Amino acid sequence: MTIYKDVLETIHMLEKENLDIRTTTMGISLMDCFGRDHRAASRAVYDRVTSCARHLVKTADDVGDEYGIRIVNKRISVTPIAFAGASSTEEWLLYARALDDAAKAVGVDIIGGFSALVHKGCTRSEESFIEAVPYALAETTNLCSSINLGSTKAGINFDAVGKMGPMIRKTAWLTRDNNSFGCAKFVAFANAVEDNPFMAGAFHGPGEGDVVINVGVSGPGVVKTALEGMEGATADEMAEVIKQTAFKITRAGQLIGREVSQRLGVPFGILDLSLAPTPALGDSVAEILEVMGLERCGAHGSTAALAMLTDAVKKGGIMASGNVGGLSGAFIPVSEDQRMIAAAEDGCLTFDKLEAMTSVCSVGLDMIAIPGDTPAETISAMIADEASIGVINNKTTAVRVIPVYGMKAGDKVDWGGLFGSAPVMEVNGFDSSRFIARGGRIPAPVHSFKN
Amino acid sequence: MKAIITVIGKDKVGIMHAVSGVLKDLSVNIEDVTQTIMQEYFTMLMLVRIDEEKTGFRQLQDALDDLAKEMNLSIRIQKEEIFDVMHKI
């Protein structure tokens, strides 16, 4: 049997290296549900989500079983709810509850799309949406929210950036009994992608079709193991091995994604190959950097190592599938990565180093606990920095910071489960408020004028 | 439908007999088989063809799960394509 070696290698990846399909996300368009009567529209949203996704979980589990690859999460993303055009918190909450209830009814742990796209400007309706987000996050359990604040084509909506700090602080306050967990369900984006299957930032973009299946594959453990034993190898030799490994992981994901979409009778959208860590041992992106030769993630050289990793992952993915999309690269969520937590506790990984690393990773400042008394303007300023990195470099960036109520730098917060635990990181204490108060719009960069 | 069965466990008498017995009972044909002992561990790979009209994938999986428990082995069954797509360009 010629595939003897391949079979054992695959089984080793599955059993020892945590290879899995991280998420099968069903994107559902809600465009035809919206109308002037928000009570009726929110009922239509519930009906549409539950009817489209009623077989999602079972189908994904069946396919996973047959191929012997676990599909860890089954999720749903919907059209950004801000398109519903409501105008009060009470009306927005109707939609939040409808989505949350629908997710629970079909057995999905997270539904994304309580979102708005305000990168160029904000309508009055969207302003009321931003005010409603903290209440929606506090009241629901399975709902995730995101707001796109900038794009390379449009620049950065600096007015909206200014609103983010107070909004995040308010969410932290409303969910203070739960270590401000509400903030872990919100992402502030620049250059958000419309087909990302990973939470908390997934939404079904307005350019998408009715229903679609997007798949997110991961496997930092597999890449780490492939690099172990390459002592003395050059950087390009390592890149080659990462590429080959990414190829294999992507192929597995594509097979599973196509099968799920075929059985559900729904078109297959994209495959997002992102090395996404989990709190499980050996499922760490930071550990890959350590195997490459850094004492700890965050040491000088971390940005270079991460850049090479992200790029090689993308190249392997593109070779393996014509449907690679989403964010594809490497995620660096601090609280979800054991070795990143360790690096933060050692003082090796700082907020500023993380910001530098986000210029080459696939998203941004992710799952970072900061002191509860961090001023709202400072949070807005962090988002402005991150959005600028995205807009100037033509990449997606995001901020998911959690100002944990009542905690100071050095304390440790534990959210449990997938979201892990994290040391509260020190932030720069100097004031940014006069800059943030200016509002307006940061113009699009010169390279946006490609036409 | 073609599938690959992987059996791994501490070596003892009768593993191959027991596994092929389950397959015979469910009309599953063995097309190829390879077996070795690695560090005292019995490792066997089987390429089988399942006649879907006679036997459901889940039914076979359950029968192998029962055998795995009974004989204290790890038995996996996976559709063949997964190995093809991952390892061939």
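Residues numbered from 1 in each chain as written. Chains lettered and ligands numbered in written order. Predicted model: local features only at pLDDT ≥ 70, side-chain atom pairs only at ≥ 80, totals over all residues. Heavy atoms only, no water.

Draft legend 1. Representation of the overall build of chain B in the model. A tally of helices and strands in chain B yields three helices and four strands. Mapped from its N terminus to its C terminus, chain B presents α and β elements in the order β-α-β-β-α-β-α. Dimensions of chain B, computed from C-alpha atoms along their principal axes, come out at roughly 35 × 35 × 20 Å. If you take every contact in chain B between residues at least 6 apart in sequence, the share linking residues at least 24 apart comes to 66%. With an accessible surface of roughly 4800 Å², chain B has 48% of that area assigned to carbon and sulfur atoms. Looking at charge distribution, chain B has the averaged site of its 11 positive side-chain charges lying 2 Å from that of its 15 negative ones. (Helix = DSSP H or I, 4+ residues; strand = E, 2+ residues; numbered from the N terminus. Contact = heavy atoms within 4.5 Å. Areas by Shrake-Rupley, 256 points an atom, 1.4 Å probe, with all protein chains shown as cover. Lys, Arg positive; Asp, Glu negative; His and termini not counted. Charge placed at Lys NZ, Arg CZ, Asp CG, Glu CD.)

Draft legend 2. How the structure looks around the sheet that holds strand β3 (residues 41–49) of chain B. An order of β2-β3-β1-β4 (chain B) is seen for the four strands of this open sheet, with the pairing classed as antiparallel. A single partner strand is all that each edge strand has here, and the edge strands are β2 (29–38) and β4 (74–79) of chain B. Averaged over all pairs of adjacent strands, the angle between strand axes in this sheet comes to 15°, irrespective of strand direction. Of the strand pairs in this sheet, β2(B) and β3(B) are connected by nine bridges, and their pairing is antiparallel. The partner of B:V33 across the bridge, within β3(B), is B:M46. The strands touched by helix α1 (residues 4–16) of chain A are β1 (2–10), β2, β3 and β4 of chain B; relative to β4(B), the strand with the most contacts, the crossing angle is about 110°. (Pairing = 2+ DSSP bridges. Axes fitted to C-alpha atoms, helices over the stretch in contact; angles between N-to-C directions.)

Draft legend 3. Molecular detail of the pairing of β1(B). All names here are of chain B. Inspection of the sheet shows β1 paired to β3 by nine bridges, in the antiparallel sense. Residue pairing across strands places K2 opposite R49, the latter belonging to β3. Bridge analysis of β1 against β4 gives six bridges, and the strand direction is antiparallel. The partner of A3 across the bridge, within β4, is K79.

Draft legend 4. Examining unusual backbone geometry more closely. Residues and elements named next belong to chain A. Following M199, the chain continues into A200 via a peptide bond in cis, with omega recorded as 10°. When you line up the elements, A200 lands in the loop between β7 (186–190) and β8 (211–217). In the Ramachandran plot, S180 falls in the positive-phi region, its phi being about 55° despite a non-glycine side chain. Examined against the element boundaries, S180 turns out to sit in the loop between α6 (158–174) and β7. What makes S180 buried here is its relative accessible area of 0%. (Buried < 20%, exposed > 50% of the residue type's maximum accessible area, 1.4 Å probe, protein only.)

Draft legend 5. Broad picture of the domain arrangement of chain A. Residues and elements named next belong to chain A. Assigned domains of chain A: these are domain 1 (4–190) and domain 2 (218–445). Between domain 1 and domain 2, the C-alpha centre-to-centre distance is 19 Å. Counting residues at the interface gives 56 residues for domain 1, matched by 63 residues for domain 2. Between domain 1 and domain 2, roughly 4700 Å² of surface is buried when both sides are summed, and carbon and sulfur atoms account for 68% of that area. Ranking the residues of domain 1 by area buried against domain 2 places R22, I156 and F158 at the top, with a combined share of 16%. Across the domain 1-domain 2 interface, the total number found is three salt bridges. Our enumeration of links across domain 1 and domain 2 arrives at 21 residue pairs in polar contact (both at pLDDT 80 or more). Those elements that place two or more of their residues in the side of domain 1 that touches domain 2 are α1, β1 (21–28), α3 (56–67), β2 (71–78), β5 (150–151), β6 (155–157), α6 and β7. Per element, the largest residue contribution to the side of domain 1 that touches domain 2 is eleven residues, and it comes from α6. (Domains from an automatic or database assignment. Buried area = accessible area lost by both parts, 1.4 Å probe. Salt bridge = Lys/Arg side-chain N within 4 Å of Asp/Glu carboxyl O. Polar contact = N/O pair within 3.5 Å; in protein donor to acceptor, adjacent residues only side chain to side chain.)

Draft legend 6. A look at the sheet that holds strand β11 (residues 365–371) of chain A. Residues and elements named next belong to chain A. The strand order across the open sheet formed by ten strands is β10-β9-β8-β1-β2-β3-β4-β7-β12-β11, and the pairing between neighbours is mixed. Edge positions in the open sheet fall to β10 (329–330) and β11, since each of these has one partner strand only. As judged from the two bridges shared by strand β9 (residues 268–275) and β10, these two strands associate in the parallel manner. Among the inter-strand pairings, L275 is bridged to a residue of β10, identified as A330. Strand contacts of helix α4 (residues 89–106): β2, β3 (110–117) and β4 (143–148), with the helix running at about 155° to β3, the strand carrying the most contacts. Contacting β3, β4 and β7, helix α5 (residues 124–139) runs over the sheet at an angle of about 155° to β3.

Draft legend 7. Region of interest: a negative patch on the surface. Together, B:D62, B:D65, B:D66 and B:E70 make up a negatively charged patch on the protein surface. Here B:D66 falls in the partly exposed class, since its relative accessible area comes to 49%. (Patch = residues over 30% accessible without salt bridge, like charges linked within 9 Å, V, L, I, M, F, W, Y side chains within 5 Å.)

Draft legend 8. Structural detail: the packing of aromatic side chains. Residue and element names in this part refer to chain A. Tallying each qualifying case throughout the model produces eight aromatic pairs over all chains. Where W92 meets F129, the ring centres are 5.0 Å apart and the plane angle is 85°; that geometry is what we call edge-to-face. Of the two residues, W92 sits in helix α4 while F129 sits in helix α5, which places them 37 residues apart along the sequence. Here W92 and F129 have matching classes, each one buried. By the ring-pair criterion, three or more aromatic residues cluster together here, those being F34, W92, Y95, F114 and F129. (Phe/Tyr/Trp six-rings, centres within 6.5 Å; stacked < 30°, edge-to-face > 60°.)

Draft legend 9. The packing of α3(A) against helix α2 (residues 57–71) of chain B, seen in detail. At a closest axis distance of 11 Å, the pairing of α3(A) and α2(B) adopts a crossing angle of 60°. Taken together, the axes of α3(A) and α2(B) are oblique relative to one another. As for how α3(A) packs across α2(B), the hand of that crossing is left-handed. Mapping the contact onto sequence places A:D62, A:D65 and A:E66 in α3(A) and B:F57, B:R58 and B:Q61 in α2(B). Counted by class, the contact of α3(A) with α2(B) contains one nonpolar, one polar and four charged residues. (Parallel < 35°, antiparallel > 145°, perpendicular 65-115°, else oblique. Left-handed = near helix turned anticlockwise from the far one by under 90°. Nonpolar A, V, L, I, M, F, W, Y, C, P; charged D, E, K, R; others polar.)

Draft legend 10. Region of the structure containing the interface of chain A and chain B. The interface is formed by 27 residues belonging to chain A together with 27 residues belonging to chain B. Between chain A and chain B the total buried area reaches about 2500 Å² when both faces are included, carbon and sulfur atoms providing 66% of it. The interface formed by chain A and chain B contains three salt bridges. Residues B:R58 and A:D65 are paired through a salt bridge, measuring 2.8 Å at the closest nitrogen-oxygen approach. There are eleven residue pairs in polar contact (both at pLDDT 80 or more) connecting chain A and chain B. Looking at the side of chain A that touches chain B, its residues break down into 15 nonpolar, two polar and ten charged.

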